[in-house]
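# Per-entry structural report
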Amino acid sequence: SAENGLNGWLRYASLPDNLRHRSASVPPMIVALNTTETSPVYTAGKELQAGIKGILGRSVDISHDFPSSHNSESPCILVGTAAAYNAKYGSANLTSFTTDGFWLSVKGNNVLILGQNERGALYGAFEYLSMVAQGNFSDVNLLSNPDAPVRWVNQWDNLDGSIERGYAGPSIFFSNGAAVDDLTRVSQYARLLSSIRINAVIVNNVNANASFLTPANINGLGRIADAMRPYGVRLGISLNFASPQTLGGMNTFDPLDPTVDAWWDNKTDLLYQRIPDMAGYLVKANSEGQPGPLTYNRTLADGANMFARALKRHGNRDGNGGIVMFRAFVYNNHINETDWKADRANAAVDFFKHLDGQFEDNVVVQIKYGPIDFQVREPTSPLFANLFNTSTAIELQITQEYLGQQAHVVYLPPLWKTVLDFDLRVDSKPSLVRDIVSGQRFSRGLGGYAGVVNVGTNTTWLGSHMAMSNLYAYGRLAWDPALDPQKMLEEWTRLTFGFDRSVMDAVTKISMASWPAYENYTGNLGIQTLNDPLTHFGPNPAAQDNNGWGQWTRADRQGIGMDRTVSNGTGFAGQYPPEVAKVYENIDSTPDDLLLWFHHVNYTYHLRGSGETVIQHFYNAHYAGAETAQTFATQWESLRGKMDDERFNDILFKLKFQAGHSIVWRDAITGFYHNLSGIPDSTGRVGHH
Ligand code: GCU
């Protein structure tokens, strides 16, 4: 039934008998020390009760009163904040907690779950349930703190219910110009998000509509926030910079005009009246036609700071007030390819570097992982190495805009890790991206993660059961970016599909092979994804060049690639700190998988790794990638009967599509470059169908 999809990894499926032998240690009683019935600790009690019922078939009562003692004579699962616990027993050590952190102690038949705040307590409850669901009843003593405070998701939902780059049906939040009446799906989404420790959702499209700020829609947003609050998930919204003019009827939206300032203060006040714990704003300004401060010759920092000051007037319960997530995705989309030095990749550093230190302390600059746009392979955005007095967050995409739109299985954490683990060598010191966005490297108080998710009303949330591993792993990585992609996948697989060894093997093999395969049959050697430029789905190599968008390949009869060197190209390589710049400046030290990102070469250029020519590598990689994709459906076939038919068939259908579409990709790309270069495939495959 649809429940299999809706519950995602929170199915609480009955635990097989052979894994139950230690389950007697699960206590017969839950004590939830919540303040109100809408608080996350109350939710934690309910969730523990439902989970134990589902997993072990056992009914457990919930009490909201402190037991007189908390020891093995009166075993229970006690969940609450550390402060509440200490007020009664005075014994927990609180010093090592950070915001949203939790402590989980399982000792025989006593379970203690304490949060630094109520949200943390709920996270601890989910952690315990995850253990039980996986048949793990061992004693633990686990202190877990988040690596970064900002662990948000972005939804690109519009008021009319459509979703930009969403592949799972219309919005769960909005339809017909207003918040939907029945917010059940919103609560269910918040439940999934809190279990992976996501603490806020931006609910509307970055290409934002000013009408979100009408009184009726502010109330609608308030209802959405109410639905998510029991899960400790806060609401934030995207703003349209020109709202004072388009909605407010003013003749300006100049951020330094005091009447504009006052307009935003007033809107912010109205929002906080209805949503006292609002997370903040997300702003896409002066990008792809969106209005912004540059219209008035004001800086992007002037623009961001106007919102930051409005938000600062409202502290909130948690002590973390509203934040402005200000996007670094600012570039000119009308650049001219006849200029050898024009380069969209330079834009973020060009626009933001000189503003370092000028942002209010509640501004976080939100930076896409690569300099262009969510491509299958990009170098790390150099902006992470150019802001030292500004808080930053990394923007990742769970929605697979360029990566198969959920019609292809592409497990993304290995791609994300190439960026998060990348060492930018600022001042020749270790400078991993994950330590920069967490705030550790440059001692920033804020920072973290923004993931564009775009779930819809489809009962699988993302349009594909398999794609949910990406959402699961996104949340886990935002909490702890050192986690291993395969381990997260295995956890997700057990929680989603159960314990069958062959299911685990197939999901693991398919998922771990999927990103390299997709890169192979789409765009290799750092040339980007070669998608159709409008839909971003399917191949269109011919359309990459001679447009203003700047996702160019500079492919002609002789050669291919963007020369981004300082010595002879766009200068992009020079935006990195010297140690990294040197690697990319020199073609002999540039890794093969970014060769064409940084250098323009002849098709006959020999790769360092394989010794193959660039063109032969294209041919080989496309055939290899498509061949790997063919195996996915076959591997899946062998799982018939090992899970419910509905999920089995749904996934099989998609994998068969992927098998076919990978051949479409292979033939389109190899055929195109074969025609252009006139160089035959040494094995005779290309051009002979
Ligand atoms: C991409 C995407 C757009 C989106 C933009 C953004 O270009 O195709 O739909 O609006 O990114 O992130 O702002």
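### Examining the overall build of the protein
On a plain count of helices and strands, the protein comes out with 19 helices and 18 strands. Expected size for 689 residues packed as a compact globule is a radius of gyration near 26 Å; at 26 Å, the protein falls within 12% of this value. Based on the C-alpha atoms only, the size of the protein along its principal axes is roughly 80 × 65 × 50 Å. In the protein, which comprises 689 residues, the proportion classed as buried is 53%. In the protein, the share of contacts with a sequence separation of at least 24, taken over all contacts with a separation of at least 6, comes to 70%.

### What about the pairing of strand 11 (residues 234–239)?
Of all 6 residues that make up strand 11, 6 are buried, and the element is covered over most of its length. Burial along strand 11 is two-sided: the residues Arg234, Gly236 and Ser238 and Leu235, Ile237 and Leu239 are all buried. With 3 bridges joining them, strand 10 (residues 200–202) and strand 11 adopt parallel strand pairing. Across the sheet, residue Ala200 finds its bridge partner in strand 11, namely Arg234. Regarding the hand of the β-α-β motif, the stretch spanning strand 10, helix 6 (residues 215–228) and strand 11 is right-handed. Relative to strand 12 (residues 280–283), strand 11 is paired through 4 bridges, and the arrangement is parallel.

### Examining the sheet that holds strand 11
Spatial ordering of the closed barrel is given by 7-10-11-12-13-14-15-16, a layout of 8 strands whose pairing is parallel. The sheet shows a mean angle of 25° between the axes of neighbouring strands, direction not considered. Relative to strand 10, strand 7 (residues 150–154) runs parallel, the two being bridged by 3 bridges. Looking at the pairing, Asn154 lines up with Ile202 of strand 10.

### Let's talk about the site of the ligand
Residues in close proximity to the ligand include Glu164, Arg165, Val206, Asn207, Lys284, Phe329 and Asp373, which together make up its full environment. Residue composition of the shell around the ligand, by class: 2 nonpolar, 1 polar and 4 charged.

### Some words on the sheet that holds strand 2 (residues 61–63)
Spatial ordering of the open sheet is given by 2-1-3-5-4-6, a layout of 6 strands whose pairing is mixed. Either end of the sheet is taken by a strand with one partner, and the two such strands are strand 2 and strand 6 (140–144). Mean inter-strand twist for the sheet, computed between neighbouring axes without regard to direction, equals 10°. In terms of strand pairing, strand 1 (residues 29–32) meets strand 2 through 3 bridges, oriented parallel. Its bridge partner being in strand 2, Met29 is matched across the sheet by Asp61.

### A look at unusual backbone geometry
Unusually for a residue other than glycine, Phe374 sits at a positive phi of about 50°. Its place among the elements puts Phe374 in the loop between strand 14 (363–368) and strand 15 (391–397). On the neighbour-count criterion, Phe374 (21 C-beta atoms within 10 Å) is buried.

### A few points about the confidence of the model for the protein
Within the protein, residue pLDDT values average 95, and 98% of them lie at 70 or more. In the predicted complex, the global pTM is 0.98; the interface-specific ipTM is 0.99.

### Observations concerning the domain arrangement of the protein
The domains assigned to the protein are domain 1 (3–144), domain 2 (150–487) and domain 3 (521–562 + 600–677). Between the C-alpha centres of domain 1 and domain 3 the distance comes to 46 Å.

### Remarks on the environment of Asn520
Tracing the backbone shows Asn520 in helix 15 (residues 501–521). C-beta crowding within 10 Å serves as the criterion here: with 26 such atoms nearby, Asn520 is assigned to the buried category. Counting along the chain gives 63 residues from Asn520 to Thr457, while the straight-line C-alpha distance between them is 32 Å. Once residues within four sequence positions are removed from consideration, Asn520 is found in contact with Ala621, His622, Ala624 and Gly625.

### Description of the packing of helix 8 (residues 258–274) against helix 9 (residues 300–312)
Running from N to C, helix 8 and helix 9 point in directions that differ by 40°, and their axes come no closer than 9 Å. The orientation of helix 8 with respect to helix 9, classified from their angle, is oblique. The two elements helix 8 and helix 9 meet at a crossing, and its hand is right-handed. Residue-level contacts link Asp261, Trp264, Asp265 and Thr268 of helix 8 to Met306, Phe307, Ala310 and Leu311 of helix 9.

### What to know about the nonpolar core
Membership of the largest hydrophobic core comes to 211 residues, with the highest contact counts inside it found for Val79, Ile113, Phe307 and Val324. No other element matches the 10 residues that helix 18 (residues 614–637) contributes to this core. Discounting chain neighbours no more than four positions away, the residues touching Val324 are Gly280, Tyr281, Val283, Ala304, Phe307, Ala308, Leu311, Asn362 and Val363.

### A look at helix 2 (residues 40–56)
For helix 2, with 17 residues, the first-to-last C-alpha span of 23 Å sits near the 24 Å given by 1.5 Å per residue. Looking only at helix 2, the buried set comprises Pro40, Val41, Tyr42, Thr43, Ala44, Gly45, Glu47, Leu48, Gly51, Ile52 and Ile55. Positioned one or two residues after helix 2, Gly57 has a phi angle of 70°, which is positive.

### A closer look at helix 4 (residues 118–133)
Between its terminal C-alpha atoms helix 4 stretches 23 Å, which fits the 22 Å expected from 16 residues at 1.5 Å a residue. Taken from the residues just after helix 4, Gly135 is the one with a positive phi, measuring 75°.

### Comments concerning the pairing of strand 15
The buried fraction of strand 15 is high, at 7 of 7 residues. Burial of the side chains of strand 15 extends over both faces: Ser391, Ala393, Glu395 and Gln397 are buried on one face and Thr392, Ile394 and Leu396 on the other. Taken together, the 5 bridges between strand 14 and strand 15 define a ladder with parallel strand orientation. Bridging across to strand 15, Lys368 finds its partner in Glu395. Here strand 15 pairs with strand 16 (residues 448–452) via 5 bridges, running parallel. Bridging from a neighbouring strand, Gln397 pairs with Val452 of strand 16.

### Looking at the environment of Gly220
Tracing the backbone shows Gly220 in helix 6. By the C-beta count within 10 Å, which is 23 here, Gly220 ends up buried. When near neighbours in sequence (up to four residues on either side) are disregarded, Gly220 contacts Ala178 and Ala179.

### Quick look at the packing of helix 13 (residues 468–479) against helix 14 (residues 485–497)
It is the contact of helix 13 with helix 14, at a shortest axis distance of 10 Å, that shows an interaxial angle of 125°. Taken together, the axes of helix 13 and helix 14 are oblique relative to one another. As for the relative orientation of helix 13 and helix 14, their crossing is right-handed in sense. Residues Met468, Ser469, Tyr472, Ala473 and Arg476 of helix 13 pack against Pro485, Met488, Leu489, Trp492 and Thr496 of helix 14. Of the residues belonging to the contact of helix 13 with helix 14, the class tally is 7 nonpolar, 2 polar and 1 charged.

The rules behind the values
- Residues numbered from 1 in each chain as written.
- Predicted model: local features only at pLDDT ≥ 70, side-chain atom pairs only at ≥ 80, totals over all residues.
- Helix = DSSP H or I, 4+ residues; strand = E, 2+ residues; numbered from the N terminus.
- Rg over C-alpha atoms; globule rule 2.2 N^0.38 Å.
- Buried ≥ 20, exposed ≤ 12 C-beta atoms within 10 Å, placed from the backbone.
- Contact = placed C-beta atoms within 7 Å.
- Pairing = 2+ DSSP bridges.
- Right-handed = clockwise from strand over helix to strand, strands pointing away.
- Axes fitted to C-alpha atoms, helices over the stretch in contact; angles between N-to-C directions.
- Near = placed C-beta within 6 Å.
- Nonpolar A, V, L, I, M, F, W, Y, C, P; charged D, E, K, R; others polar.
- pLDDT = per-residue confidence, 0-100.
- Domains from an automatic or database assignment.
- Parallel < 35°, antiparallel > 145°, perpendicular 65-115°, else oblique.
- Left-handed = near helix turned anticlockwise from the far one by under 90°.
- Core = buried A, V, L, I, M, F, W, Y, C linked by C-beta atoms within 7 Å.
- Expected span 1.5 Å × (residues − 1).

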